[in-house]
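Now for the letters of each chain:
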Amino acid sequence: YIRVFDKENDVGSNIEEEVGETNDQVFMSIMKNEDVQIPYALPRLQPVAMIQKAQSFYELMNTRRSCRMFSDEPVPREVIDNIIKAAGTAPSGAHTEPWTYVVISQKDVKMKIREIIEEEEEINYRRRMGEKWVNDLKTFKTDWIKPYLVEAPYLILVFKQTYGLWPNGQKKTHYYNDLSVAISVGIMVSAITNAGLCSVTSTPLNAGVRLRDLLGRPVNEKCVILLPVGYPAKNAKVPNLQRKPLKDIAIYC
Ligand code: IYR
């Protein structure tokens, strides 16, 4: 490694090719102590407490519903900070943390986002999605008119970083960025539920580039999902759905 640092030295650049890393990358990983292992332990729960906690977490998560009718009641900013911090604990390919969460609370920005999404969604529902898809969504009473984009106190737009950039401008591979962001959003949805708030995982098809431009995000970022966050409206309604029972989703071999 020492020789790799020697930028004047030809031998250094040979090593660089062999290991497939640049001097800067190797230097960074050493500076960040990436090869150092630290002890890991968790507080141990007794079986009774463990059983109880697992059940109450399930019961909490079972209160989650995709909600499209929001109250405009404010939510403390600190709650959003912690929801995002929780999402940021997700595992990611080679610990690349390939996510950017853009939080919108300003009314005029929410209105612009609503305008872009409704414009694209109208085309989606009328043309791009096709008759079968639109028919499959009847139960969910969803269409291109989305007042929640302005009513909810916060919109969280989730961007996946398809690649990153090293400080020297070189591209950094973001392994499994799709899956990593999906796991992170899963944790985010749990954190929202845990805070007693609701959301809907909305997927504004074809609006990604316009949203990215509006928010000034770079080209390595793709908007994958939008989560309005807040309290359900007083008159909120959701479809009467049932979840599959354990026996239909788990096989114990
Ligand atoms: N992305 C659209 C349409 C939509 C698609 C599915 I599949 C849903 O489960 C719900 C909605 C929208 O957000 O309205």
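For the structure itself, consult the block above.
What counts and how
- Residues numbered from 1 in each chain as written.
- Predicted model: local features only at pLDDT ≥ 70, side-chain atom pairs only at ≥ 80, totals over all residues.
- Heavy atoms only, no water.
- Phe/Tyr/Trp six-rings, centres within 6.5 Å; stacked < 30°, edge-to-face > 60°.
- Helix = DSSP H or I, 4+ residues; strand = E, 2+ residues; numbered from the N terminus.
- Buried < 20%, exposed > 50% of the residue type's maximum accessible area, 1.4 Å probe, protein only.
- Lys NZ or Arg CZ within 6 Å of the ring centre and 35° of its normal.
- Near = heavy atom within 4 Å.
- Polar contact = N/O pair within 3.5 Å; in protein donor to acceptor, adjacent residues only side chain to side chain.
- Areas by Shrake-Rupley, 256 points an atom, 1.4 Å probe, with all protein chains shown as cover.
- Nonpolar A, V, L, I, M, F, W, Y, C, P; charged D, E, K, R; others polar.

Visitor: What exactly am I supposed to notice about the packing of aromatic side chains here?
Guide: The geometry of an aromatic ring pair is captured by the separation of the ring centres together with the interplanar angle, meaning the angle of the planes. This model, assessed by the stated rule, comprises two aromatic pairs. A centroid spacing of 6.3 Å and a plane angle of 50° characterise the contact between Phe70 and Tyr148, whose relative ring orientation is tilted. Here Phe70 is found in the loop between helix H4 (47-61) and helix H5 (77-87), whereas its partner Tyr148 is found in helix H8 (residues 148-151), with 78 residues between them in sequence. Comparing Phe70 with Tyr148, the two get one shared label, buried. When the ring centre of Tyr163 is taken as reference, the NZ or CZ atom of Lys171 above it lies at 4.3 Å. The ring centre of Trp166 lies 5.2 Å from the NZ or CZ of Lys172, which sits over that ring.

Visitor: In this structure, what is going on with the site of the ligand? I would like to understand it.
Guide: Neighbouring residues of the ligand: Arg68, Glu121, Tyr125, Met129, Trp133, Leu137, Thr142, Lys146 and Thr203. Glu121 places a polar side-chain atom, nitrogen or oxygen, 3.2 Å from an oxygen atom of the ligand. Side-chain polar atom of Lys146 to an oxygen atom of the ligand: 2.6 Å apart, as the coordinates give it. Here the ligand loses 71% of its free accessible area of 380 Å² to cover by the protein chains. In terms of residue class, the shell around the ligand is made up of four nonpolar, two polar and three charged.

Visitor: Would you mind going over unusual backbone geometry with me for this structure?
Guide: Note: most peptide bonds trans; most residues except glycine with negative phi. In this structure, Glu97 takes a positive phi of about 45° despite not being glycine. Here Glu97 lies in the loop between H5 and strand S1 (99-104). In this structure, Asn206 takes a positive phi of about 75° despite not being glycine. Note that Asn206 resides in the loop between helix H9 (177-194) and helix H10 (208-214).

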